[in-house]
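Structural overview for review
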Amino acid sequence: MAEITAGMVKELREKTDAPMMECKKALAEAGGDLAKAEELLRVKLGNKAAKASSRVAAEGIVATWLAADARTGAIVEINCETDFVAKNDDFLAFSRQVAELVGTREPADVAALSALPLGGATVDAVRTELVGRIGENVAIRRFARFTTAGRLAQYVHGGAKIGVVVDVVGGDEALAKDLAMHIAAAKPVALSRDQVSSDLIEKERSIAAAKAAESGKPADIVQKMVEGSVQKYLKEVTLLGQPFVKDDKQTIEQLLKSKAASVGGFALYVVGEGIEKKSTDFAAEVAEQQAKALAAQAR
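Within each chain, residue numbers correspond to sequence positions counted from 1 in written order. A pLDDT threshold of at least 70 governs which residues receive local features in this predicted model, and a stricter bar of 80 or more applies before side-chain atom pairs are shown or counted, although totals over entire chains, interfaces and linings include all residues. As a rule here, side-chain values cover all heavy atoms of the structure and leave hydrogens and water aside.

**What about the overall build of the chain?**
- Secondary structure assignment for the chain yields 12 helices and 10 strands.
- Across the 299 residues in the chain, those meeting the buried criterion constitute 38%.
- By definition, residues are in contact when any of their heavy atoms lie within 4.5 Å. For the chain, the share of sequence-separated contacts (at least 6 apart) that also reach a separation of at least 24 residues comes to 63%.
- Exposure was quantified through the Shrake-Rupley algorithm and a 1.4 Å probe, taking into account, for residues, occlusion by the shown protein chains and nothing else. Here the chain has roughly 16700 Å² of accessible surface; of this, 53% comes from carbon and sulfur atoms. Helix and strand definitions follow DSSP, with helices as H or I runs of at least four residues and strands as E runs of at least two, each counted in order from the N terminus. Classification of residues uses two cut-offs on accessible area relative to the type maximum, computed with a 1.4 Å probe and protein chains only: under 20% is buried, over 50% is exposed, and between them is partly exposed.

Dropping the structure here:
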């Protein structure tokens, strides 16, 4: 059997970026043949990615990209399984590259984005290799692309767990940045009342009706209470209706009017929002593993 030297392992690692022990195992399996070992690693890393793809990825980051003229921009959520990997340099670099591709190539959806070229391969091939190297599922969850005749501003917060891109027509750069920060803090669900989904409104109306019914007041008063609650809710969840975080004496709508500006749209991404995370009981998991080990010894 050919001797596997540290130099051979180093060379294979540089070619594939795979973990050192994986490189050593591949070289041993390939009898020291570097080309064959590289091929084996590609297969193994791919298999790891396939196994990881079924695991829930609810951590990650929001990455943004703006063109130099601030007229084109993009926002993307890339997920992984743990916060530790969300800080990995390779994961962060991949996320930034994907955000730039969204902005410069204008893919129609995640499937089209995954097929775009990136560093001599496709985005999905690079993602798959990254999964193999870090050992966690990595998924491109969603993205949005903006073009405007006005100005785009971006803001990321909390270790890139919250990201915003906002389209502002009129005003100045400072206003656009303030609006992006406000959106990250106040988390509006829509720009204006007419953009709030009917499902959300009906859910709020139902909650308000249940509360009002407990008051024991006449039906006409109850109806007014319900409508009042719904109107209050719409002010709270729409960007234009919210009090400005830097000056709560004026709403965003009033602020924009004073600056002769308007908002064309925005995207607010919060990492893992809406993803059902698997809860685990560590003590129970350890006990289960110990029970399995004891059962195996008894056989």
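**So, the environment of T5**
- Here T5 lies in the segment before α1 (6-16).
- Assessed through its relative accessible area of 32%, T5 is described here as partly exposed.
- Spatially, the C-alpha atom of T5 lies 9.0 Å from that of G32, the residues being 27 residues apart in sequence.

**So, the sheet that holds strand β5 (residues 139-147)**
- In spatial order, the strands read β1-β2-β5; together these 3 strands make up an open sheet with antiparallel pairing. Unpaired on one side and paired on the other, β1 (59-66) and β5 mark the two borders of the sheet. Direction aside, the axes of adjacent strands within the sheet are offset by 10° on average.
- Two strands pair when backbone bridges link them, and β1 and strand β2 (residues 72-80) are joined in this way by 8 bridges, in the antiparallel orientation. Its bridge partner being in β2, I61 is matched across the sheet by I78.
- Of the strands in this sheet, β1, β2 and β5 are in contact with helix α5 (residues 89-105), which crosses β2 at around 145°. At least two bridges found by DSSP between two strands is the condition for calling them paired. The convention used is that axes are lines fitted to C-alpha atoms, helices contributing only their stretch in contact, and that angles between N-to-C directions extend from 0 to 180 degrees.

**Description of the packing of α5 against helix α7 (residues 123-134)**
- Direction vectors running N to C along α5 and α7 enclose 165°, while the axes themselves pass 11 Å from each other. Taken together, the axes of α5 and α7 are roughly antiparallel relative to one another. Crossing geometry of α5 relative to α7 is assigned as left-handed. On α7, the residues touching D90, F91, F94, V98 and L101 of α5 are V123, V126, R127, L130 and R133.
- Here the contact of α5 with α7 is composed, by residue class, of 7 nonpolar, no polar and 3 charged. Geometric relationships in this document are graded by angle, where less than 35 degrees denotes roughly parallel, more than 145 denotes roughly antiparallel, 65 to 115 denotes roughly perpendicular, and other angles denote oblique. If you view the pair so one helix is near and one far, a crossing is left-handed when the near helix is turned anticlockwise from the far one by less than a right angle, and right-handed when it is turned clockwise. All amino acids are sorted into three groups, where Ala, Val, Leu, Ile, Met, Phe, Trp, Tyr, Cys and Pro are nonpolar, Asp, Glu, Lys and Arg are charged, and the leftover types, Gly among them, are polar.

**Some details on the sheet that holds strand β6 (residues 151-157)**
- One open sheet accounts for 3 strands, arranged β6-β7-β10; its pairing is antiparallel. On the outer flanks of this sheet lie β6 and β10 (262-270), each paired with one strand and no other. The sheet shows a mean angle of 10° between the axes of neighbouring strands, taken without regard to direction.
- Packing against the sheet, helix α8 (residues 173-186) makes contact with β6, β7 (162-169) and β10, and its axis sits at approximately 140° to β7.

**Some words on the packing of helix α9 (residues 198-213) against helix α10 (residues 219-237)**
- Packing of α9 against α10 brings their axes to within 9 Å, and their N-to-C directions diverge by 140°. By the criterion of interaxial angle, the relationship of α9 to α10 is oblique. As α9 packs across α10, the resulting crossing turns out to be right-handed. Counting all contacts with α9, which are made through L200, I201, E204, R205, A208, A209, A212 and A213, the residues of α10 involved are V222, M225, V226, E227, S229, V230, Y233 and L234.
- Tallied by class, the residues present in the contact of α9 with α10 amount to 12 nonpolar, 1 polar and 3 charged.

**Re the pattern of salt bridges**
- Salt bridge, as used here: a side-chain nitrogen of Lys or Arg that lies within 4 Å of a carboxyl oxygen of Asp or Glu. Enumeration over the complete set of coordinates arrives at 14 salt bridges.
- A salt bridge links R142 to E77, with the nearest nitrogen and oxygen atoms 2.6 Å apart. Separated by 65 residues along the polypeptide, R142 in strand β5 and E77 in strand β2 bring together distant segments of the chain.
- A residue is classified by how much of its surface remains accessible, and R142, at 22% relative accessible area, is partly exposed.
- For E77, a relative accessible area of 0% corresponds to the buried category.
- A salt bridge links D83 to K87; the shortest N-O distance between them is 3.4 Å.
- It is possible to trace a salt-bridge network through shared partners that takes in E59, D83, K87 and K161.

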